[in-house]
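Take a look at the letters that make up each chain.
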Amino acid sequence: MKLYIDADAIPAIAKELIIKTANRTGVSTIFVANRPTRLPPSPHLSSVVVADGFDVADDYIAQAVTSGDGVITSDIPLASEVLDKGGWAMTARGEVFSLETIKLKLNSRDFMDMMRGTGVLDPSQMGGQKPYSDKDKKAFADGLNRLVKPTKNS
């Protein structure tokens, strides 16, 4: 198992939890972003810097992930690709994507994109992403503990 992190917008608290989990479990964890990711020295942590551009980090992760791997992302199309390859995907807020719900999430996302694109929905009416809360941190930590299994060598 490898754990890939869509690291362009990962909250600092979630990043700390991922680092602790990787070191505790021995799972190879790769942070993918279009800028360098500062990581402490560890044989379990690495980072990949991809070119700037729309979905470049997502495309890298989608190509690299294999069955049994995990991905931390909020990107619904990426999560769908990961699930199709036999991996698992979870947001930094602890929401686990599933084969049963991912198509509905993709359809909702596409519908909202269409509404914004046609001007029916003004992006300023959408509000922003809510702050990362203690509840989010706990849900994410619980999800990591449930999904990331120690390697035989750790």
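Since this is a predicted model, take the numbers as computed values, not measurements.

Asker: Got a minute to help me understand the overall build of the protein chain in this structure?
Answerer: Within the protein chain one finds 5 helices and 5 strands. Traced from its N-terminal end to its C-terminal end, the protein chain shows the element sequence β-α-β-β-α-β-α-β-α-α. Relative to its full complement of 154 residues, the protein chain shows a buried share of 38%. Excluding contacts between residues fewer than 6 apart, the proportion of contacts in the protein chain whose partners are at least 24 apart in sequence is 52%. Counting only carbon and sulfur atoms, one obtains 55% of the accessible surface of the protein chain, whose full area is about 8800 Å².

Asker: In this structure, what is going on with helix 1 (residues 12-25)? I would like to understand it.
Answerer: A turn of α-helix holds 3.6 residues, and therefore any two residues three or four places apart point the same way. Look at helix 1: 20 Å from first C-alpha to last across 14 residues, which is about the 20 Å you get at 1.5 Å a residue. Within helix 1 the residues assigned to the buried category are Ala14, Leu17, Ile18, Ile19, Thr21, Ala22 and Thr25. Its buried side turned inward, helix 1 meets strand 1 (2-6), strand 2 (28-33), strand 3 (45-49), strand 4 (70-72) and helix 5 (134-147).

Asker: Is there a simple way to explain the nonpolar core in this structure?
Answerer: Among the nonpolar cores identified, the biggest contains 21 residues, and Leu3, Ile5, Ile10, Ile18, Ile72, Phe140 and Leu144 are the most heavily contacted of them. Within the residue set of this core, elements represented by two or more residues are strand 1, helix 1, strand 2, strand 5 (88-90) and helix 5. Looking at this core element by element, the count peaks at 5 residues for helix 1. Among all residues touching Leu144, those that are not within four sequence positions of it are Leu3, Leu17, Ile18, Thr21, Ile72 and Met90. Tyr4, Ile61, Ala62 and Val65 belong to the second largest nonpolar core, which has 17 residues in total.

Asker: In this structure, what is going on with the sheet that holds strand 5? I would like to understand it.
Answerer: Pairing between the strands of a sheet comes from backbone hydrogen bonds, and it takes one of two forms, parallel or antiparallel. Pairing is parallel across the open sheet formed by 5 strands, whose spatial order is 3-2-1-4-5. Both edges of this open sheet fall to strand 3 and strand 5, since each of them pairs with a single strand only. Across this sheet, the average inter-strand angle for adjacent strands is 20°, counted without regard to direction. Direction of pairing for strand 4 relative to strand 5: parallel, over a ladder of 3 bridges. Bridge pairing in strand 5 places Val71 opposite Ala89. Sitting on the sheet, helix 2 (residues 56-64) is in contact with strand 1, strand 2, strand 3 and strand 4, with an inclination near 165° to strand 1. Strands in contact with helix 5 are strand 1, strand 4 and strand 5; relative to strand 5, the strand with the most contacts, it is inclined by about 165°.

Asker: It is not clear to me how the side chain of Thr25 should be interpreted in this structure. Could you clarify?
Answerer: For Thr25, the location among the structural elements is in helix 1. Residue Thr25 is classed as buried on the basis of its relative accessible area, which comes to 0%. A distance of 3.3 Å separates the side chain of Thr25 from the backbone nitrogen of Val27, its partner in a polar contact.

Asker: What should I look at first to understand the pattern of salt bridges in this one?
Answerer: In this structure the tally under the stated criterion is 3 salt bridges. Note that Arg93 and Asp136 form a salt bridge whose closest N and O atoms lie 2.5 Å from each other. Here the residue Arg93 occupies a position in the loop between strand 5 and helix 4 (102-117), and Asp136 occupies one in helix 5, the gap between them amounting to 43 residues. With a relative accessible area of 21%, Arg93 lands in the partly exposed category.

Conventions used here
Residues numbered from 1 in each chain as written. Predicted model: local features only at pLDDT ≥ 70, side-chain atom pairs only at ≥ 80, totals over all residues. Heavy atoms only, no water. Helix = DSSP H or I, 4+ residues; strand = E, 2+ residues; numbered from the N terminus. Buried < 20%, exposed > 50% of the residue type's maximum accessible area, 1.4 Å probe, protein only. Contact = heavy atoms within 4.5 Å. Areas by Shrake-Rupley, 256 points an atom, 1.4 Å probe, with all protein chains shown as cover. Expected span 1.5 Å × (residues − 1). Core = buried A, V, L, I, M, F, W, Y, C linked by side-chain atoms within 4.5 Å. Pairing = 2+ DSSP bridges. Axes fitted to C-alpha atoms, helices over the stretch in contact; angles between N-to-C directions. Polar contact = N/O pair within 3.5 Å; in protein donor to acceptor, adjacent residues only side chain to side chain. Salt bridge = Lys/Arg side-chain N within 4 Å of Asp/Glu carboxyl O.

The analysis is restricted to geometry; functional conclusions fall outside its scope.
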